[in-house]
Amino acid sequence: MEQEQDLNTPYFMIDEQKLIANLEQARQLKQLSGCKLVLALKCFSTWGVFDLIKPYLDGTTSSGPYEVRLGHETFGGETHAYSVGYSEQDVIEVADMADKLIFNSQSQLRAYRHLVEGKASVGLRLNPGVSYAGQDLADPARAFSRLGVQFDHIEPSVFDGLDGVMFHMNCENKDVDAFVHLLDVISERFGAYLNKLDWVSLGGGVFFTWPGYEIEKLAAALKAFSQRHGVQVYLEPGEAIITGTTDLVVTVVDIVENEKTTAIVDSATEAHRLDTLIYNEPASIGGASEKGAYSYVIGSCSCLAGDQFCEAKFETPLHIGQRLRVLDSAGYTMVKLNWFNGLRMPSIYCRRENGDIQSLNHFDYDDFKRSLSQWSVH
Ligand SMILES: Cc1ncc(COP(=O)(O)O)c(C=O)c1O
């Protein structure tokens, strides 16, 4: 059996116990509300732990053709397929694997619905025009959004023969009242259309596993929405399922001074924790303390000048060779790993409830090389 101190860094460690704690909350939400939950694979696709998740959720949802196949092959249950833009070939392939196929626009729906009918339930993404999202980059209701059909563009005839719709308008929404308000806007604006449908997916971004979140209030609102419109309600959680479950474990390889002290670690946000960089949201380090007397920039070992995990204070000085745990590193990380700079790719492990550590993935130089070319010109 592997001992954690013997593992080479960098690596991700998924903690089964913490994952199950989130999933128990998901189960409670389903039981209280009658809604169904499909895992958003865009956020977390590490299929090696899907056997732990399957008993709690109803299936998966996807954003591209390979995610559909992965969900179908490795998770099962209901497979929802959505894409911002399908090719005809995508639709043909996906229709055989999906239970629900959701188009992003009326033009895609018109062009391809004949390829889906009789195989999968047909859906359309609508843009509610309102949202709860901290940053413009992640706001589906931002100006000129291409995500879903705007209310005033709806051609009522498309609802003939449509089975369901999907809205996605939240990003890490920890405020249940704000979500309920969005639901009310949707009911008011789109209610007449929704009443004709079998199902409505309300997308992801509802942070119901956040400490103190009022799950009962959310459940009551979802149940009322479902009854009001006579539809099966779905949520598409990603981050809420895996939040707080996973550390990225790194080693300090150097400490350098330039007005601030930087501890350089054997990982980089640009390659291994991309959203830290994209959204400029500093990571948290296990064992750091606001009151600590020793301040460090936790610097990446990529070549990008501004690539850092965070600034953090510690009660004792850091030293070369010390391991640090970058907390809460499961969502939108392992799905976005890349080989920039030829850095070592983090391995992926799961710590089981009984303490055993199981390996889920390991990458080496051959994976790096193959990702670049498989054949030379000749
Ligand atoms: C359509 C859709 N569904 C679900 C999700 C998952 O969101 P989250 O991981 O915040 O729950 C997203 C995230 O962007 C999304 O775009």
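Here is what the cut-offs are and how they apply
- Residues numbered from 1 in each chain as written.
- Predicted model: local features only at pLDDT ≥ 70, side-chain atom pairs only at ≥ 80, totals over all residues.
- Heavy atoms only, no water.
- UniProt positions renumbered as here; feature names shortened; annotations may be inferred.
- Helix = DSSP H or I, 4+ residues; strand = E, 2+ residues; numbered from the N terminus.
- Rg over C-alpha atoms; globule rule 2.2 N^0.38 Å.
- Contact = heavy atoms within 4.5 Å.
- Lys, Arg positive; Asp, Glu negative; His and termini not counted.
- Charge placed at Lys NZ, Arg CZ, Asp CG, Glu CD.
- Buried < 20%, exposed > 50% of the residue type's maximum accessible area, 1.4 Å probe, protein only.
- Polar contact = N/O pair within 3.5 Å; in protein donor to acceptor, adjacent residues only side chain to side chain.
- Axes fitted to C-alpha atoms, helices over the stretch in contact; angles between N-to-C directions.
- Parallel < 35°, antiparallel > 145°, perpendicular 65-115°, else oblique.
- Left-handed = near helix turned anticlockwise from the far one by under 90°.
- Nonpolar A, V, L, I, M, F, W, Y, C, P; charged D, E, K, R; others polar.
- Arc of directions from axis to C-beta.
- Near = heavy atom within 4 Å.
- Areas by Shrake-Rupley, 256 points an atom, 1.4 Å probe, with all protein chains shown as cover.
- Salt bridge = Lys/Arg side-chain N within 4 Å of Asp/Glu carboxyl O.
- Core = buried A, V, L, I, M, F, W, Y, C linked by side-chain atoms within 4.5 Å.
- Domains from an automatic or database assignment.

Under an unreviewed UniProt entry, the name given to the protein chain is Carboxynorspermidine/carboxyspermidine decarboxylase, and the organism recorded is Veronia pacifica. Database annotation for the protein chain, UniProt heading Subunit (unreviewed entry): "Homodimer." For the protein chain, the Subcellular location (unreviewed entry) comment in UniProt is given as "Cytoplasm".

J.: Whenever I open this one, the overall build of the protein chain confuses me. Can you help?
T.: Broken down by element type, the protein chain carries 11 helices and 17 strands. Computed over the C-alpha atoms, the radius of gyration of the protein chain is 22 Å, within 12% of the 21 Å expected from 2.2 N^0.38 for a compact globule of 378 residues. Each principal axis of the C-alpha atoms in the protein chain carries an extent, and together these give about 65 × 60 × 45 Å. Contacts spanning at least 24 positions in sequence make up 68% of the contacts within the protein chain whose residues lie at least 6 apart. Taking the 32 positively charged and 51 negatively charged side chains of the protein chain as two groups, their mean positions are separated by 3 Å.

J.: Teacher, can you tell me more about helix 11 (residues 365-372) here?
T.: Every α-helical turn comprises 3.6 residues, leaving residues that sit three or four positions apart pointing alike. A small share of helix 11 lies buried, amounting to 0 of its 8 residues. A distance of 3.1 Å separates the backbone nitrogen of Asp366 from a side-chain oxygen at the start of helix 11, and that oxygen is part of Asp364.

J.: What exactly am I supposed to notice about the packing of helix 4 (residues 88-95) against helix 5 (residues 106-116) here?
T.: Two packed helices can be described by the angle between their axes and the distance between those axes. Packing of helix 4 against helix 5 leaves a shortest axis separation of 9 Å and a crossing angle of 30 degrees. Considering the angle they form, helix 4 stands roughly parallel to helix 5. The crossing of helix 4 and helix 5 is right-handed. Counting all contacts with helix 4, which are made through Glu88, Val91, Ile92 and Ala95, the residues of helix 5 involved are Tyr112, Leu115 and Val116. Along the lines of polarity and charge, the residues of the contact of helix 4 with helix 5 split into 6 nonpolar, no polar and 1 charged.

J.: I'm lost on helix 4 in this one. Help?
T.: Looking only at helix 4, the buried set comprises Asp90, Val91, Val94 and Ala95. Down the axis of helix 4, the sector holding all buried residues measures 115 degrees, keeping them to one side. Structurally, helix 4 contributes buried residues whose contacts are with helix 3 (65-74), strand 4 (78-82), strand 5 (100-103) and helix 5.

J.: Looking at this model, I keep getting lost on the packing of helix 1 (residues 16-33) against helix 7 (residues 215-229). Mind explaining?
T.: At a closest axis distance of 8 Å, the pairing of helix 1 and helix 7 adopts a crossing angle of 40 degrees. Between helix 1 and helix 7, the crossing angle belongs to the class labelled oblique. Note that helix 1 runs across helix 7; the crossing there is right-handed. Each of Gln25, Gln28, Leu29, Leu32 and Ser33 in helix 1 lies in contact with helix 7, whose residues at this interface are Ile215, Glu216, Leu218, Ala219, Leu222 and Lys223. Residues of the contact of helix 1 with helix 7, tallied by class, amount to 6 nonpolar, 3 polar and 2 charged.

J.: Can you help me understand the site of the ligand in this one?
T.: In the neighbourhood of the ligand, the contacting residues comprise Ala40, Lys42, Cys43, Met166, His168, Gly204, Gly205, Glu236, Pro237, Gly238, Glu239 and Tyr332. Between the ligand and Gly205, the relevant distance is 2.8 Å, taken from an oxygen atom to a main-chain nitrogen or oxygen of the residue. The contact in question runs from a nitrogen atom of the ligand to an N or O atom on the side chain of Glu236, over 2.6 Å. Computed on the free molecule, the ligand has an accessible area of 400 Å², of which 87% lies beneath the protein chains in the complex. For the shell around the ligand, the class distribution of residues is 5 nonpolar, 4 polar and 3 charged.

J.: What am I meant to see in the pattern of salt bridges here?
T.: Note that side chains of opposite charge can pair when their charged atoms are close. Scanning the entire structure with this criterion turns up 18 salt bridges. For Asp51, the salt bridge identified is with Lys54, shortest N-O distance 3.0 Å. The class for Asp51 is exposed, based on a relative accessible area of 57%. For Lys54, a relative accessible area of 30% corresponds to the partly exposed category. A salt bridge links Arg113 to Glu117; the nearest nitrogen and oxygen atoms lie 3.2 Å apart.

J.: For this particular structure, what's the right way to read the side chain of Thr61?
T.: Within the secondary structure, Thr61 is located in strand 3 (residues 59-62). Here Thr61 falls in the buried class, since its relative accessible area comes to 4%. Beyond its immediate stretch of four places on either side in the chain, Thr61 contacts Val38, Leu39, Ala40, Leu41, Glu67, His80 and Glu236.

J.: Looking at this structure, I do not really get the UniProt feature "binding site: substrate" (unreviewed entry) in the protein chain. What am I missing?
T.: Under the present numbering, the feature "binding site: substrate" (unreviewed entry) in UniProt falls on Glu239 and Asp275. What stands out for the annotated residues spanning 37 residues is how close their C-alpha atoms remain, the widest pair being 12.6 Å apart. Within the secondary structure, Glu239 is located in helix 8 (residues 239-242). On the basis of relative accessibility, which here comes to 15%, the residue Glu239 falls in the buried class. The residues touching Glu239, leaving out its near neighbours within four places in the chain, are Cys43, Glu172, Phe207, Asp328, Gly331 and Tyr332. In this fold, Asp275 is placed in helix 10 (residues 274-278). Exposure remark for Asp275: the relative accessible area of 16% places this residue in the buried category. Setting aside its immediate chain neighbours within four residues, Asp275 contacts Asn280, Glu281, Tyr332 and Lys336.

J.: I tried to follow the nonpolar core on my own but got confused; where do I start?
T.: A general trend in soluble globular proteins is that nonpolar side chains are found buried together. Grouped together as the largest cluster of nonpolar side chains are 96 residues, with contacts concentrated most on Leu202 and Ile298. For this core, the element with the most residues is helix 6 (residues 176-194), which contributes 8 residues. Domain assignment of the residues forming this core places at least three in each of domain 1 (4-12 + 245-372) and domain 2 (17-242). Setting aside residues up to four positions removed in sequence, Ile298 forms contacts with Ala263, Val265, Ile285, Gln308, Phe309, Cys310, Ala312, Phe314, Leu318 and Leu324. Ranked by size, the runner-up nonpolar core spans 7 residues in total, among them Val38, Tyr82, Leu147 and Trp199.

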